Amino acid sequence: MTDVSPTLQAEQRAQKHWVEDGLPSIIAGIGGLVLAFFILYRTNGHSPFKIIFLLGALTLYWAISQHQTEIVDWLKTRLSYPRTGYVRPPYMPEDKSLPLDFKMLSMEAANTALPEEIKLARARSIWLFLIALSFVLLPFVAIAYFHSSWIHSPWLYFALSLSFVAILWILALIEHRRPSWILVSGFFLVGLCMLVFQHQAIVGPDQFGYFLVGVSLVSIVNGAVSLFRFLRRNPRPASTTP
Amino acid sequence: MSENGLKDLSSLDRLIHEPARLMIMTILYAVQEADFVYLQRECGLTQGNLSSHLSKLEEAGYLLISKTFKGKYPLTLCSLTRAGRQAFESYLAKMRYVTGQPSNNSR
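Let me sum up the structure you'll find in this document. Fair warning: this is a prediction, and the values are worked out from it, not measured in the lab.

Calculation criteria
- Residues numbered from 1 in each chain as written.
- Chains lettered and ligands numbered in written order.
- Predicted model: local features only at pLDDT ≥ 70, side-chain atom pairs only at ≥ 80, totals over all residues.
- Pairing = 2+ DSSP bridges.
- Helix = DSSP H or I, 4+ residues; strand = E, 2+ residues; numbered from the N terminus.
- Contact = placed C-beta atoms within 7 Å.
- Nonpolar A, V, L, I, M, F, W, Y, C, P; charged D, E, K, R; others polar.
- Axes fitted to C-alpha atoms, helices over the stretch in contact; angles between N-to-C directions.
- Parallel < 35°, antiparallel > 145°, perpendicular 65-115°, else oblique.
- Left-handed = near helix turned anticlockwise from the far one by under 90°.
- Core = buried A, V, L, I, M, F, W, Y, C linked by C-beta atoms within 7 Å.
- Buried ≥ 20, exposed ≤ 12 C-beta atoms within 10 Å, placed from the backbone.

**Regarding the pairing of strand β2 (residues 63-70) of chain B**
Residues and elements named next belong to chain B.
Here's step 1: As paired elements, β2 and strand β3 (residues 73-80) share 8 bridges and run antiparallel to each other. Note on β3: the bridge partner recorded for L64 is S79.
Here's step 2: Connecting β2 to the next strand, β3, in antiparallel fashion are 2 residues, including G71 with a positive phi near 65°.

What follows is the structure, given as structure tokens:
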């Protein structure tokens, strides 16, 4: 027996069901890679071909970020739903036009007749997350305001990767689960690489571009490992519905 | 609730009180909708067993079952009706009274 009621457990399992196959992580990582590609190649020459190529990358990033939920849902229809079924958690609206991250932070449930217990737990989780996020982000805002030259320092990206690890840990604690060791160690490694392999020619937005490449690759690897485990654990059944 | 708490036990909804149906109702109470495969995996029931329990809950008007498609994947979607939610809340309130727990069900 745990101290969490069966109703709340059912809600938490439904939320976990959305991410356990790793597809949201893979799609988020691909979106990040496309944005990084745009940042890193935006200044190299101004040929019409390059401009079309960059506009294409930007459009692709916009399409992925705007339709992230739809893309994940389309993939899940082919990979996950036939294996583990479909469930719509209380805070996932039918409208899939917004990026999932913003919808997940919504306080408004699509189903208003929700148990009070779930609404209270939801409000508590969001406030804890926002408080944690502001504590992690506050030092960066202060640095940017008082020491603008530090923005170009590789230490900033190391600190940023550590803050990502902290946010992951806090999120996992709030949602009563273990943080992914691939994300935790991956983000730490990306920050460390930014610090160790710093180059004089790479400054400003390019630094952020390389950081984004690292973070996105970690997200894709994490998603791919989760997907592999998910597919191995859940073979496709011969017949699913009665 | 009546003065004789023991008599309140007899007014428990027997349809919900059955363990398998209680599991189904608890899951559907916490989500918007779930399909047959998800419920089967979560409850650990056989297809026939789950199908029979769902039919009973649907007959009582607690459950709405609709058959639809997501791409080429057929879905048998189940969700609680307003009557189903009210019946489950009433059942929970009675159980809390029986077990002497406070009415506020925050954990």
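**Here we look at the interface of chain A and chain B**
Here's step 1: On the side of chain B, 27 residues touch chain A, which itself brings 32 residues to the contact.
Here's step 2: Those elements giving two or more residues to the side of chain A that touches chain B turn out to be α1 (6-19), α4 (68-79), α5 (81-84), β1 (87-88) and α7 (116-146) of chain A.
Here's step 3: In terms of residue count, α1(A) provides more of the side of chain A that touches chain B than any other element does, 7 residues in total.
Here's step 4: A class-by-class count of the residues in the side of chain A that touches chain B yields 17 nonpolar, 8 polar and 7 charged.
Here's step 5: Judged from the 2 bridges that link them, β1(A) and strand β1 (residues 33-35) of chain B form a sheet pairing that is antiparallel. Residue pairing in the sheet places A:R88 in a bridge with B:E33 of β1(B).

**Remarks on the pairing of β3(B)**
Here's step 1: Of the strand pairs in this sheet, β1(B) and β3(B) are connected by 2 bridges, and their pairing is antiparallel. Within β3(B), the position partnered with B:A34 by the bridge is B:C78.

**Comments concerning the packing of helix α2 (residues 23-41) of chain A against α4(A)**
Residue and element names in this part refer to chain A.
Here's step 1: The geometry of α2 relative to α4 is characterised by a closest axis approach of 10 Å and an angle of 135° between their N-to-C directions. Taken together, the axes of α2 and α4 lie oblique to each other. Pair α2 / α4 crosses with right-handed handedness. Residues L23, P24, I27, A28 and G31 of α2 form the contact with α4, whose participating residues are Q68, I71, V72, L75 and K76.
Here's step 2: When its residues are assigned to classes, the contact of α2 with α4 shows 7 nonpolar, 2 polar and 1 charged.

**Let's talk about the nonpolar core**
Here's step 1: B:I24, B:I27, B:L28, B:A30, B:V31, B:A34 and B:L39 are the most contacted members of the largest nonpolar core, which totals 32 residues.
Here's step 2: Elements with a minimum of two residues in this core: α1 and α7 of chain A together with α3 (19-30), α4 (36-43), α5 (47-59), β3 and α6 (82-99) of chain B.
Here's step 3: The element best represented in this core is α3(B), accounting for 6 residues.
Here's step 4: For B:L39, the contacting residues outside a window of four places in its chain are B:I24, B:I27, B:A34, B:L50 and B:C78.
Here's step 5: Membership of the second largest hydrophobic core comes to 19 residues, among which are A:L35, A:F37, A:L183 and A:Y210.

**Thoughts on the sheet that holds β1(B)**
Across a sheet, strands are paired by hydrogen bonds formed along the backbone, either parallel or antiparallel in direction.
Here's step 1: Taken together, 4 strands build an open sheet; the order of strands is β1(A)-β1(B)-β3(B)-β2(B) and the sheet is antiparallel. The two strands at the open ends of the sheet, each matched to only one other strand, are β1 of chain A together with β2 of chain B.
Here's step 2: Lying on the sheet, α3(B) is in contact with β1 and β3 of chain B; it crosses β3(B) at an angle near 90°.
Here's step 3: Strands in contact with α4(B) are β1 of chain A together with β1 and β3 of chain B; relative to β1(B), the strand with the most contacts, it is inclined by about 85°.

**Observations regarding the packing of helix α9 (residues 181-196) of chain A against helix α10 (residues 205-233) of chain A**
Residue and element names in this part refer to chain A.
Here's step 1: It is the contact of α9 with α10, at a shortest axis distance of 9 Å, that shows an interaxial angle of 160°. The angle between α9 and α10 falls in the class roughly antiparallel. Both α9 and α10 take part in a crossing whose hand is right-handed. Counted together, I182, L183, G186, F187, V190, C193 and M194 of α9 and Y210, F211, G214, V215, V218, V221, N222 and V225 of α10 form the full contact between these two elements.
Here's step 2: Residues that form the contact of α9 with α10 fall into these classes: 12 nonpolar, 3 polar and no charged.

Purely spatial values, then, with no claim about function.
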